[in-house]
Amino acid sequence: MGLSTWLLCGSLGSGKTTLLKHFLALPEGRDTAVVVNEVGEVGIDAHLLHDVARNAPVTLIGNGCVCCSVRGSLGEAVERVLRTRHERGLPPARRLVIELSGLARPGEVIRELSSWDGIIAGFTVVATADCALQAASPAPYLAEPEPAAMAHVVAFTKPEGRDAAFREMMRARIHAVNPLARTIWEDTLPARAARAFSSAPAISPSVPRLACHDGAPAHPAIRVMKAEWPEGMSWSAIQAWLDATAAFLGSRLLRIKGFVAVAECDEPILVEAVGTVFSTPRRMATDRSLPLGLVLIAADISAHDLATADFGTTTPRPEITATWSG
Ligand SMILES: Nc1nc2c(ncn2[C@@H]2O[C@H](COP(=O)(O)OP(=O)(O)OP(=O)(O)O)[C@@H](O)[C@H]2O)c(=O)[nH]1
């Protein structure tokens, strides 16, 4: 069985290391291999984690962000941490957590490790969302939104002293940049950590709350859109559009998830991407009642500009609509 892998991201100082430290201290945190990517070479976070990881190794990739200046070293670091566990006589790791520097892009990490298919069972992106940072921000939308916009799971950190109204405001702000994310609000760090790294969310036909406006204004930079094709479109046409869109948007593409009905088979196909890195498309059980259409989250482009962008190809396009007003 492969290693379930969590990519832990979040803005600088948002509480990533603290969350992971509390997870490693839990019984269920045992059997976790940890790789930390820090921008500096000092390795402060790695040292903090060593303290709680008991005899388990924590590997540091320093001196840069894992997806640019230290490209190539991630695979080595994962190998090293697994090997060291073995050499120390520890049981094989059941999960891997990679704490990313504030600069790293989870999609690039998934790309880097994609050749490890068979060793790594699947990725879950967990983002920390700092309540203190939000409380201090005068803007009515999520500050530093990109980690949350790419995440499967968002854990609220530093929630002390915040009331239920603040919690709902935070949830609404997260959903305004990522209606796909599962949010975790727990008052204590152990409970928050346990939920953040609990079993990966199964790929489920959950219906994202599209076109619903639950209290937060649209984010000025992050757009949540829906792409829908007419019945009978071929998978190759849809795939060509996805490839062209990923190439066109580059790092502005944050997340895609949804179901498409295709001419070639009866079952809807699940399409999912973090950044520009797509998971293998999956046929869902024969259930035509799944909500069709892709949720596409991107930075710095409107639905209209994406719908009319010149990709330089004749690929058929879906209808693209903004799902949040503003
Ligand atoms: N009150 C409170 N403080 C927290 C919480 N989580 C983290 N902190 C504090 O926030 C500061 C930053 O936490 P870290 O865990 O180092 O944050 P980080 O995201 O790993 O930081 P970088 O790696 O520098 O980006 C530390 O002083 C923590 O003690 C929390 O839930 N509540």
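Residues numbered from 1 in each chain as written. Predicted model: local features only at pLDDT ≥ 70, side-chain atom pairs only at ≥ 80, totals over all residues. Heavy atoms only, no water.

Regarding the pairing of strand β13 (residues 293–299)
The condition that has to hold: In this scheme, a residue with accessible area under 20% of its type's maximum is buried, one over 50% is exposed, and one in between is partly exposed, where area comes from a 1.4 Å probe on protein chains only. For helices the rule is a DSSP run of H or I covering at least 4 residues; for strands it is a run of E covering at least 2, with both sets numbered from the N terminus onward. Strands are treated as partners if at least two bridges between them are detected by DSSP.
Counting buried residues in β13 gives seven out of seven residues, a clear majority hidden from the surface. Here β13 shows no split at all, with G293, V295, I297 and A299 on one side and L294, L296 and A298 on the other all buried. Note that strand β8 (residues 222–228) and β13 share six bridges and pair antiparallel. Opposite M225, over in β13, you have L296 as the bridge partner. Pairing of strand β9 (residues 253–260) with β13 involves six bridges; the strand directions are antiparallel. Residue F259 lies in a different strand from β13, and its bridge partner there is G293.

Thoughts on the pairing of strand β10 (residues 269–274)
Each regular strand displays side chains that alternate between the two surfaces of the sheet. Counting buried positions along β10 yields six of six residues, so the element is predominantly enclosed. Here β10 shows no split at all, with I269, V271 and A273 on one side and L270, E272 and V274 on the other all buried. With six bridges connecting them, β9 and β10 associate as antiparallel partners. Among the inter-strand pairings, F259 is bridged to a residue of β10, identified as L270. Of the strand pairs in this sheet, β10 and strand β12 (residues 282–283) are connected by two bridges, and their pairing is antiparallel. Residue pairing for β12: L270 is matched across the bridge by R282. Pairing of β10 with strand β11 (residues 277–278), which is carried by two bridges, proceeds in the antiparallel orientation. Within β11, the residue paired with V274 across the bridge is V277. The hairpin turn running from β10 into β11, its antiparallel successor, is two residues long, and G275 in that turn takes a positive phi close to 60°.

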